[in-house]
Each structure stands twice: as structure tokens, then as C-alpha cells.
Amino acid sequence: MSPQSAERTVWSVDEHLEDVLAAVRPLDPIELRLPDAQGCVLVEDVTVPVALPPFDNSSMDGYAVRVADVAGASEEYPAVLTVVGDVAAGGEEPPPVGPGQAARIMTGAPLPPGAEAVVPVEWTDGGAGAGAATTMRAASAAPEGASGEVRVHRPAGPRAHVRARGSDAAAGALALPAGTVLGPPQIGLLAAIGRATVRVRPRPRVVVLSTGSELVQPGEELGPGRIYDSNSFALAAAARDAGAITYRVGAVTDDADTLRATIEDQLVRADLLVTTGGVSVGAYDVVKEALSAASDADEPGSGVEFRKLAMQPGKPQGFGTVGPDHTPLLALPGNPVSSYVSFELFVRPAIRALMGLPDLHRPRVRAALSADGPLTSPAGKRQFLRGTYDAAAGTVTPVGGAGSHLVAALARADALLVVPEDATSVEPGAELEVVLIG
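Now for a description of the structure that goes with this document.

Rules used throughout
Sequence positions are assigned chain by chain, starting from 1 and proceeding in written order. Only residues with pLDDT of 70 or above have their local features reported here, since the model is predicted, and side-chain atom pairs are shown and tallied only from 80 upward, although totals for entire chains, interfaces and linings are computed over all residues. Values reported for side chains reflect all heavy atoms of the structure, with hydrogen atoms and water molecules removed beforehand. The way it works is that DSSP assigns letters per residue, a run of H or I at least four long becomes a helix, a run of E at least two long becomes a strand, and they are numbered from the N terminus. For the radius of gyration, the atoms used are the C-alpha atoms, and the globule rule reads 2.2 Å times the number of residues raised to 0.38. When a residue's accessible area, from a 1.4 Å probe over protein chains only, is under 20% of the maximum for its type it is buried; when over 50% it is exposed; and in between it is partly exposed. In what follows, a contact means two residues having at least one pair of non-hydrogen atoms within 4.5 Å. For every accessible area listed, the method is Shrake-Rupley and the probe measures 1.4 Å; residues are considered covered only by the protein chains on display. For two strands to be treated as a pair, DSSP must find no fewer than two bridges joining them. Interaxial angles span 0 to 180 degrees and are taken between N-to-C directions of axes, which are lines fitted to C-alpha atoms, for helices over the stretch in contact. Here a salt bridge means any side-chain nitrogen of Lys or Arg lying within 4 Å of a carboxyl oxygen belonging to Asp or Glu. Lining residues are those with an atom within 4 Å of a point, where the points come from a 1 Å grid over the protein atoms alone and group into cavities, where a 1.4 Å probe fits but cannot get out, or pockets, open sets with protein on both sides within 12 Å along at least five of seven lines. Grid points are joined across faces, edges and corners, and a volume is the space filled by probe spheres set on the points. The residue classification treats Ala, Val, Leu, Ile, Met, Phe, Trp, Tyr, Cys and Pro as nonpolar and Asp, Glu, Lys and Arg as charged. All others, Gly included, are polar. The scheme is simple: roughly parallel for angles under 35 degrees, roughly antiparallel for over 145, roughly perpendicular for 65 to 115, oblique for anything else. Handedness of a helix crossing follows the sense of rotation of the near helix relative to the far helix, less than a right angle counterclockwise being left-handed and clockwise being right-handed. The aromatic pairing rule takes the rings of Phe, Tyr and Trp, using the six-membered ring of Trp, and pairs them if the centres are within 6.5 Å, calling planes under 30 degrees apart stacked, those over 60 edge-to-face and the rest tilted. Put simply, a charge is over a ring when the Lys NZ or the Arg CZ is close to the ring centre, within 6 Å, and near the line of the ring normal, within 35 degrees. Polar contacts, as used here, are pairs of N or O atoms within 3.5 Å; protein pairs need one atom able to donate a hydrogen and one able to accept it. Residues neighboring in sequence count only if both atoms are side-chain atoms.

The helix and strand inventory of the chain stands at 10 helices and 28 strands. The C-alpha radius of gyration computed for the chain amounts to 32 Å, which surpasses the reference 22 Å derived for 438 residues by more than 25%, pointing to a less compact arrangement than a globule. Once the C-alpha set of the chain is aligned to its principal axes, its extents read approximately 95 × 55 × 45 Å. Counting only residues that meet the buried cut, the chain has 45% of its 438 residues in that class. Put simply, of all contacts in the chain between residues at least 6 apart along the chain, 71% involve residues at least 24 apart. For the chain, the exposed area adds up to about 20100 Å²; of that, 52% sits on carbon and sulfur atoms.

What follows concerns unusual backbone geometry. Each neighbour pair has its own omega, and for leucine 52 with proline 53 the value is -5 degrees, a cis peptide bond. Within the secondary structure, proline 53 sits in the loop between strand 3 (46–47) and strand 4 (57–58). A cis amide bond, omega -5 degrees, links glutamine 312 with the succeeding residue proline 313. Residue position: proline 313 is located in the loop between strand 19 (311–312) and strand 20 (316–322). We note that arginine 159 has phi near 70 degrees; this positive angle belongs to a residue other than glycine. Within the element layout of this structure, arginine 159 appears in the loop between strand 9 (149–152) and strand 10 (162–163). Given the relative accessible area of 38%, arginine 159 is considered partly exposed. One non-glycine residue, histidine 326, lies in the positive phi region at around 55 degrees. Its location among the elements puts histidine 326 in the loop between strand 20 and strand 21 (327–332).

Attention now moves to the sheet that holds strand 20. What the six strands build is an open sheet, ordered 16-13-17-21-20-18; its pairing is mixed. Where the open sheet ends on each side, the last strands, each with one partner, are strand 16 (245–252) and strand 18 (303–308). Put simply, the sheet's adjacent strands are angled 15 degrees from each other on average, direction ignored. Of the pairings in the sheet, the one linking strand 13 (residues 205–211) to strand 16 comprises six bridges and is parallel in character. Paired with threonine 211 across the bridge in strand 16 is valine 252. Where helix 9 (residues 336–354) meets the sheet, it contacts strand 13, strand 17 (272–276), strand 20 and strand 21, and its direction lies at approximately 165 degrees from that of strand 21.

Another aspect to go through is the pattern of salt bridges. One pass over the structure, following the stated rule, counts 16 salt bridges. With a shortest N-O distance of 2.7 Å, arginine 104 and aspartate 86 are connected by a salt bridge. You can see arginine 104 sitting in strand 7 (residues 101–105) and its partner aspartate 86 sitting in strand 6 (residues 79–87), a full 18 residues away along the chain. Of the residues examined, arginine 104 reaches a relative accessible area of 3% and is grouped as buried. Between glutamate 433 and arginine 364 there is a salt bridge; the shortest N-O distance is 3.1 Å.

Here we take up empty space enclosed by the protein. Using the criterion set out here, one finds one cavity of 30 Å³ or more in the structure. Its volume calculated, the largest cavity comes out at about 70 Å³. Every residue lining the largest cavity is listed: Leu17, Glu344, Leu345, Pro349, His361, Arg362, Arg364 and Val435. A total of three residues in the lining of the largest cavity trace back to one element, the largest contributor, which is helix 9. Residue composition of the lining of the largest cavity, grouped by class: four nonpolar, one polar and three charged.

This part takes up the packing of helix 6 (residues 231–242) against helix 9. Working note: a packed helix pair is described by the angle between its axes plus the distance between those axes. Following both chains from N to C, one finds helix 6 and helix 9 inclined at 25 degrees, their axes separated by 10 Å at the closest point. Our classification of the angle between helix 6 and helix 9 gives roughly parallel. Crossing geometry of helix 6 relative to helix 9 is assigned as right-handed. Residues Asn231, Leu235, Ala238, Ala239, Asp241 and Ala242 of helix 6 form the contact with helix 9, whose own contacting residues are Pro336, Ser339, Tyr340, Phe343, Arg348, Ile351 and Arg352. Of the residues assigned to the contact of helix 6 with helix 9, the class counts are eight nonpolar, two polar and three charged.

It is worth spelling out the packing of aromatic side chains at this point. Going through the model one piece at a time under the given rule, you end up with zero aromatic pairs. Against the face of tryptophan 123 rests arginine 154, its NZ or CZ located 4.1 Å from the ring centre.

Attention shifts here to the side chain of glutamate 305. Residue position: glutamate 305 is located in strand 18. Here glutamate 305 falls in the buried class, since its relative accessible area comes to 12%. At a separation of 2.9 Å, a polar atom in the side chain of glutamate 305 contacts the side chain of arginine 307.

Pasting the structure below:
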């Protein structure tokens, strides 16, 4: 802890967040295969090596024809063309189409030499010698469908139902710029242009660890004075939602040596450590005891500092680095709402900073308070209340009370109402800042 920090008694939310982000740097880029790159951020521009699509192809199941051969075709006077073969996607070299000829063609198949347009099968008799067809007969069931004659009942203009070579992306064009987050469509595009690997900033590995001898894992028997460990599950889910690869560690008992040993064991797979509980002023606040003592003998330049923030909930917070690689660690309070609000304000931005994302924070809007009466807030503290946001009405409604243990109310909320430090009361209809978490 620096001398300046030792003199301080209370930090603002913004000051603490600034210190957290100042100590977090984007992870080094690595080359990943496409399935492993989902959710990661590109660190270089990706260009198109070959045109997409690489050849003119049909956008319909139908017949490849010459325009002059179907000019003036109608139901009463159909154009009768000789079928010279099939053109299937991924098939052999397509047969050339000469005057008075047509080739059965499937969606995605290359336009054969000589053909200028495609007429959908619904504009023809399907080669069956009857009225308008609704489908093509399967090649395996009716090989004669690729020969004989077809009657075309409508004309087609040049390039009708033809997808031109390079119409999706031209060779040499920018496919994806650096900074792109790779979601399913982007992964699909990379595969379509033949990229098997990409250079990205990897998803950070986040270890979530809860503390408390009173904690029992869900599914186990709940003894006297025990509660189920909800924080580690909620925070691990929140870390995954932020884009991280998450490892959840079962609750650690209130023993400083055990906690230090557990953290040391987890460093090998952590880009960020998150603990919950044990950061206040109680006799069994093990995180504060363990990490404050460890800071004195830790690697030079590392250590964890514990603070009181001017916020509610979430007053006690800890932040620093641990281990030889100076792995960032955020120590959050143990009350469920306190820990989740703290995660949204401090941990989520840190995760996204590790990923190299420019947008670190949840979206924020202004909304009118919809409530039966005024909200009260402690002077000098920024209060974060749970609520539901109605975008159509432009209003936000509180859910549950201000208690930091109200998990059920948190589960119904999709927003945090922000009451500023200088406000002790907010009347219905007043405009508030709202953090959208849903």
C-alpha cells in the first residue's frame, strides 16, 4: 500500500475503477483455430484471399439457359429446350449449354459455359411434360430428368438468378478489421474465405473463489448455521457472460493459510482472480487477513490493498496483484448483492480490458423513476438499487429493497438505478442514470 493510500479513508467508485483499469493490460495475442476463437478479439485485419463466391453460381434450383431461347416464353407458348445434363454443387465439370439447350442446375452450382440465366423450376414443367412443376425429381430416383426436354413458361433476363463471382466479397477486400469480436457470423465468414486460424487476444481465464466456513455447495445437506454458496455460481456465470473462460472454486474455509495455498494453486490457470467474502472488518474476514499479510512478503511491485468505497452496496473492496506474474486479483464483499454489483462495476470492465475491447462498460441510459414514494439514499454515497427498465415508457422501477442480501430481488432485476452521492432523496418522476444489466 502506498503512503498516499494509507492516508486515505474512503475512495469514490470512479477512483477505484480507474485504479483497477490502470493495472490491467490486454492479454498477448495468440493464433487460435476457428472453434477456439469464438468470443475473441481480432488483432489484425483479415483480407479476402479469393473471391466469394469464387465462381458465378445459381441462386435457385432450376435450369441454366440462354436468354434468347426463353424470350417470349409463356404458359400458352412455352420454350421447349433440350436438357443436356445436370449441374450439381460440387459436381463434375458442367456441360456447355448451346442454342436451344438447357441444363438442370442446383442452388450453388456453377453456371455452365454458354448459359446466361437461370429459370426456377417453378417456371417450367420440370421435364415431366405436364404443367408447372413445384419441385425437381431426385437425380437418384429419376436420372432421366437430366435429359429429354423441358418446357419453360416464362422469360428470363440476363443474369437472372445468378450470383456473380465476388458479389459477396471481392478478392483483396477487407473481410474483418482488427478489433472485431468473433461471433458466429464472423466465424462463418472466416471459414468461407478459407481461414483455419486467426490471430486474436484470447478470452481471459478467470478463477472465482468464495470464502466462508458457513458455505455449503448446492445439492449438499444444509446443516445448522449454514447457507448455500450462491456467490461463486453467480460470479462465474457473470464472468462467462462478460466473455471469460471461467473456473469456479468451491468455498474455502475461514483459514488464512488455506486461502493463500488455494490462491497459489490457482495462479497457473488464472489471468484474473476474483474472491468474494472476507474483506470487511470482522474477526473472520480471512481474505483481508491472508492477502494483507501476503502483500508484505510478495513479489516486488505486487500486493493487495483493501479500501472503503463511497458506495452502497459494496463498501469494502480489495484490489491488487499476486504471484510472480503479478496476476490481478479483485476481492469483493460477501453479501450476494454487494458482490454482484461490485462485479458489474469493477470486474466486468477488467475482463473486457484483458480482451482488448474498446467498450468496457454496460450500456447506460437516463430514465424517470417510477415508484410509489421517494427513494432515500445515504449522504455521500453512490447507491445502486436493483430495478426493471421499461424502454418504451422511459421509466425504471425499483425491485426489492436496499438490503445487500436480497438475491430474489436481484434475480428479477434487469437494471441498476444509480443515486448520486449528493442525493439523499429521489422523488417519483425524477430522472436517474440507469445501468442496463439484463
